[in-house]
Amino acid sequence: MARSRGPPPRQMVRGVIDCGAMSHAEAPKKSPPREDAAERRTLRFAGLCWALAHAPIIPWLYWGSIRQAAGAVPPGGAWALAPSYAVSSLTLALIPFLLTAPLGRWRRLYALALPAATGLGALALAIDSTLFASVGFHINAFFFRVAVQPNALAETGLAASELARYFAQGALFLAVDVTLGRALLRRISTSGRLAGRRALGLVLLLLALGLTERAYIATLNFLGGPSFCAASDVLPLQLPLRMNGLLVQLTGRPSALGSGTLHSSEAEFAALPGRLEPSQIVFDKRPDVLFVLSESMRADYLTPETMPALYARRESGTWFTRHYSTGCGTYHGVFGALFGIQGTKADAAIGAGLSPLLFSAMKANGYRVRILTASGVDWMGLQQGAFKEVSSELTTFLEGEGSARDEAMLSAARQEIGEADPATPLFTLLFFTGTHFNYSFPERSARATPFWDGKGGIRSPNLDRSLLQRRAQNAATEVDTKLAEFLSWYGEKRGRLPLTLFTGDHGEAFGEKGRIGHGSDVDAEQTHVPMLLFGDGVPASGAIDSVTSHVDLVPTLFSLLGDSHAPSSYSDGMSLFDAPKERFVLATVGWEPRYAAIGPRFKVHFSSLGMRITGLDDRPLEGGDALFAASSSEILKLFRRPTNRAASQ
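From a predicted model like this one, the values you see are computed outputs, not experimental measurements.

> Mind showing me how you'd approach helix 22 (residues 553-560) here?
Side chains that are three or four residues apart share a direction in an α-helix, a result of its 3.6 residues per turn. With seven of its eight residues buried, helix 22 lies for the most part within the structure. Among the residues making up helix 22, those that are buried are Leu553, Val554, Pro555, Thr556, Leu557, Phe558 and Leu560. Once helix 22 finishes, glycine 562 follows within two positions and takes phi at roughly 105 degrees, a positive value.

What follows is the structure, given as structure tokens:
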């Protein structure tokens, strides 16, 4: 019987190797990996489609705020904003996809994680849209911390039953969204209809659209002014992009953020206080009023060494030692001082065409109004916003620089006052610029020595910060001297001294925390400013250490002149004399979403990126969390939605 022959030796060896390779757990499999990669691409593309399907929800959630903001822009501007809202909604909807994209290699996990992320994102936007409509802020770390405090619900007026209903609705939406999303992703990934589709190209296209939209909205802001700035902030997580310098060069025209025509609108912004007619403000006292602002004026300049004349006035008036500007720059500081409204609402108010009640109420009560500014006010729409209704009474763009321009301002004021009818009460606003960089003064005020010679620029690496600060102190001394001389002349000319209010538009940093100048942070150096009241009708109350703000200036002045309206009917502030000991005030950087709630013992710094609690000197504070928990109800008062709007209109 013939013996059967097996395979040749070479085939046997190959068979053994093949069998061993197939049985080895780590053996490469060529065809299945290609299939897996294709399935993962398909799954990611389906996930991208599901995420983008949530984009229409976003403008629906913010529709009320969009209508209010778009209603304040010039005619036709709402249509110009529509592409921005559309692209922003798409880029916001893209975020859950980007966050969960690394999980795409695990198909089952991804099919659950992506729908969960899109659902939670939609819920977060629903909460944010409600918050923004109420207080003008998007969700940030500060509001998260407040929300977990035991008394947060009572302070917001939200009943436990309402909260339970909102949670139930949110849970139902999330469950439905996750169920539908998971089922859709699994079905698409196995159906083959989108086989091999790549999400990368579409993602890159959307990101490019997002960058284009930021350039587009920067151009709208340049052309349209603050009303477009306010409207472009309605949706959250909008990266700021300013191209004013480039656009000025390309177009040859000035930015509307500095001098553009604003649109007057009846659109209401939920976070703004009510509006009274000027005729409703009635004064039973009519002394002359002198409202004095000084550029970059720190609170610690008000000393017997630096500003002796003003320091001496505290004995016959009232000195508010814990006073803060509404912002760390001129735009938000001057806005708060003249409007009596938080600096965070400046774009919304000016963009909607609002004007300060201060000037119109003075005129309605028989005052002759004159505004003289050595410091330029044609910045971010101030001249065409805050001063638009008093343009004929405004004198600005004076000759000279620094203290020389201050002297030109005072010469113009003397002429105006000298020609006035003695029987007519005067309201005069002076805005000194000598204390702005590079801190100008003549030889007579060179008291703090040695000081910087003014050469080399503020960013010079060899600049001694102490020399710079002493130069600034000398400039403050010169303002003090000029104002004292002016008041002496005023008393002789008019036969009486005016009710005088003196403060700074903001402060100034000299490297204490690594910053020079202003406009960069809500630290004490840039926001803590002097506040002094003296003259006709001002009580001699001495030093008061309650926390006060620029939003209190208009209510204080109206109260001293005898008006009886509640400040809440037209302002975010109160009379300086009524400020409670445990009060908090708000300051903003303005150019970016960074703020500080400042109280009697600590500060809360917050932004979209985080929150920290410090002492009033901005240093870390031991026990800050406990202080925050105990004061959260008081802090919440800064953000309550006005309840008396209808009654005040």
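> How should the side chain of serine 355 be read in this particular structure?
Position of serine 355 relative to the elements: it lies in the loop between helix 16 (346-351) and helix 17 (357-364). Within the structure, serine 355 has its side chain in polar contact with the side chain of glutamate 389 (distance 3.4 Å).

> Would you mind showing me how to read the packing of aromatic side chains here?
Here a ring pair, both rings aromatic, is described through the centre-centre distance and the interplanar angle of the planes. Inspection of the entire model under this criterion finds 17 aromatic pairs. Seen from their ring centres, tyrosine 311 and tryptophan 319 are 5.8 Å apart, and the 70 degrees between their planes marks the pair as edge-to-face. Measuring from centroid to centroid gives 5.5 Å for phenylalanine 558 and tyrosine 570, while their planes differ by 50 degrees, and the two rings are tilted. Taken as a pair, phenylalanine 558 in helix 22 and tyrosine 570 in the loop between helix 22 and strand 11 (585-588) lie far apart in primary sequence, twelve residues in all. For the pair shown, phenylalanine 558 and tyrosine 570 are each scored as buried. An aromatic cluster is present here, built from Phe283, Tyr367, Phe558 and Tyr570 joined pairwise through their rings. Sitting over the ring of tryptophan 489, arginine 414 keeps its end group 6.0 Å from the ring centre.

> Would you mind going over a nonpolar patch on the surface with me for this structure?
A cluster of nonpolar side chains, contributed by Leu98, Leu200, Leu204 and Leu207, occupies part of the molecular surface with about 370 Å² of accessible area. When residues in the nonpolar patch are grouped by element, the largest group, three residues, is from helix 10 (residues 200-224). Relative to the helices and strands, leucine 98 is located in helix 5 (residues 77-100). By relative accessible area, which is 39% here, leucine 98 ends up partly exposed.

> It is not clear to me how the environment of arginine 41 should be interpreted in this structure. Could you clarify?
Along the chain, the position of arginine 41 falls in helix 2 (residues 31-52). Classification of arginine 41 by relative accessible area gives partly exposed; the value is 25%. For the pair formed by arginine 41 and glycine 104, sequence separation is 63 residues and the distance between their alpha carbons is 8.3 Å.

> I tried to follow helix 17 on my own but got confused; where do I start?
Of all eight residues in helix 17, six are buried, a share of seventy percent or more. All buried positions along helix 17 are accounted for by Leu357, Leu358, Phe359, Ser360, Ala361 and Met362. Residues of helix 17 that are buried make contact with strand 1 (289-294), helix 15 (330-339), strand 3 (368-373), strand 5 (426-432) and helix 22. The positive-phi residue at the C-terminal boundary of helix 17 is glycine 366, with phi of around 90 degrees.

> Please explain the sheet that holds strand 3 as it appears in this structure.
Strand order in this open sheet of eight strands is 4-3-5-1-6-9-2-10, and the pairing throughout is mixed. Where the open sheet ends on each side, the last strands, each with one partner, are strand 4 (394-395) and strand 10 (542-549). Pairing of strand 2 (residues 318-324) with strand 10 involves six bridges; the strand directions are parallel. Across the sheet, the residue bridging to histidine 323 is threonine 548, located in strand 10. Set on the sheet, helix 19 (residues 402-419) makes contact with strand 3 and strand 5; between it and strand 5 the angle comes to about 175 degrees.

> Where do I start with the sheet that holds strand 14 (residues 611-614) in this structure?
In any sheet, the strands associate via hydrogen bonds between backbone groups, in a parallel or an antiparallel arrangement. If you walk across this open sheet you meet the four strands as 11-12-13-14, and the pairing is antiparallel. Looking along the sheet, the strands with just one partner apiece sit at the ends: strand 11 and strand 14. Each strand axis lies, on average, 20 degrees off the axis of its neighbour in the sheet, ignoring direction. One ladder, built from four bridges, connects strand 11 with strand 12 (residues 594-598); its direction is antiparallel. By the bridge assignment for strand 12, threonine 588 is matched with tyrosine 595. Docked against the sheet, helix 23 (residues 624-636) engages strand 12, strand 13 (603-607) and strand 14, running at close to 105 degrees with respect to strand 14.

Basis of the calculations
- Residues numbered from 1 in each chain as written.
- Predicted model: local features only at pLDDT ≥ 70, side-chain atom pairs only at ≥ 80, totals over all residues.
- Heavy atoms only, no water.
- Buried < 20%, exposed > 50% of the residue type's maximum accessible area, 1.4 Å probe, protein only.
- Helix = DSSP H or I, 4+ residues; strand = E, 2+ residues; numbered from the N terminus.
- Polar contact = N/O pair within 3.5 Å; in protein donor to acceptor, adjacent residues only side chain to side chain.
- Phe/Tyr/Trp six-rings, centres within 6.5 Å; stacked < 30°, edge-to-face > 60°.
- Lys NZ or Arg CZ within 6 Å of the ring centre and 35° of its normal.
- Patch = residues over 30% accessible without salt bridge, like charges linked within 9 Å, V, L, I, M, F, W, Y side chains within 5 Å.
- Areas by Shrake-Rupley, 256 points an atom, 1.4 Å probe, with all protein chains shown as cover.
- Salt bridge = Lys/Arg side-chain N within 4 Å of Asp/Glu carboxyl O.
- Contact = heavy atoms within 4.5 Å.
- Pairing = 2+ DSSP bridges.
- Axes fitted to C-alpha atoms, helices over the stretch in contact; angles between N-to-C directions.

Take it as geometry only, folks, not as evidence of what the structure does.
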